[in-house]
Amino acid sequence: MVDPVIQPRTGKIIRSPKVVSRRSEVCERLLETAARMFVDKGVNNVSVEELLDAVSISRATFYGFFANKTELAANVMLPVFKSGDELLNGRRPAHLAPVQSSWWICTSSFGAGTVTPYC
């Protein structure tokens, strides 16, 4: 049985295993496609419309996951920053505090300090 999830934007609880699985697949596809397009063209040169067409989703579906393209970009970069934190913490001298600021750097760079990872 799949654990229910809360839809990020509405707070609605989704219990259907089929819907939960589908949402996860769509979100991952959106993140992968956005990452590829952002690398190829740059974040500022990719429109939400282009992303919608590339992933074959509606505008409502996109905004059900992310508030805007900036929030999507921050979520695309989240794994990079998390792995960077892990790498830095694995190599840091024991007397130094663990690195925990990479996610802050990412959200501050995009001006979205309250970005929450959704997928």
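Residues numbered from 1 in each chain as written. Predicted model: local features only at pLDDT ≥ 70, side-chain atom pairs only at ≥ 80, totals over all residues. Heavy atoms only, no water.

> Go over the nonpolar core with me, naming the residues and quoting the values.
The nonpolar side chains of a soluble globular protein tend to be buried, and buried together. Counting 19 residues, the largest nonpolar core has L30, F38, L51, I57, F62, F66 and L72 as its most contacted members. Those elements that provide at least two residues to this core are α1 (17-41), α2 (48-55), α3 (59-65) and α4 (69-91). The element best represented in this core is α1, accounting for 7 residues. Non-local contacts of F38, meaning those with residues more than four positions away in its chain, are made with V43, V46, L51, K69, L72, A73 and V76. (Core = buried A, V, L, I, M, F, W, Y, C linked by side-chain atoms within 4.5 Å. Buried < 20%, exposed > 50% of the residue type's maximum accessible area, 1.4 Å probe, protein only. Helix = DSSP H or I, 4+ residues; strand = E, 2+ residues; numbered from the N terminus. Contact = heavy atoms within 4.5 Å.)

> Let's hear about the packing of aromatic side chains: which residues, and what values?
Per the counting criterion, the structure on display carries 3 aromatic pairs. Judged by centre distance (4.9 Å) and plane angle (85°), the ring pair of F62 and Y63 falls under edge-to-face. Ring plane angle 50° and centroid distance 6.1 Å describe the contact between F62 and F66, whose orientation is recorded as tilted. With respect to class, F62 is no different from F66; both count as buried. What links up through ring pairs into an aromatic cluster is the set F62, Y63, F65 and F66. (Phe/Tyr/Trp six-rings, centres within 6.5 Å; stacked < 30°, edge-to-face > 60°.)

> Outline α1, supporting the account with residue identities and numerical values.
For α1, built from 25 residues, the straight-helix expectation of 36 Å at 1.5 Å per residue is met to within 8% by its first-to-last C-alpha distance of 36 Å. Of the positions making up α1, those classed as buried are V20, R23, V26, C27, L30, L31, T33, A34, M37 and F38. G42 sits one or two positions beyond α1 and adopts a positive phi of about 95°. (Expected span 1.5 Å × (residues − 1).)

> Before we move on, could you go through α2 and cite the residues and values that matter?
Within α2, burial applies to V48, L51, L52 and V55. The buried residues of α2 all sit within an arc of 100° when viewed along its axis, so they share a single face. (Arc of directions from axis to C-beta.)

> Tell me about the pattern of salt bridges, and please be specific about residues and values.
The final tally for this structure, using the stated rule, is 2 salt bridges. Between K41 and E50 there is a salt bridge, with its nearest N and O atoms 2.3 Å apart. A residue is classified by how much of its surface remains accessible, and E50, at 28% relative accessible area, is partly exposed. Between E49 and R59 there is a salt bridge; the shortest N-O distance is 1.9 Å. Pair noted here: E49 is in helix α2 and R59 is in helix α3, with a separation of 10 residues, a long-range link. A residue is classified by how much of its surface remains accessible, and R59, at 39% relative accessible area, is partly exposed. (Salt bridge = Lys/Arg side-chain N within 4 Å of Asp/Glu carboxyl O.)

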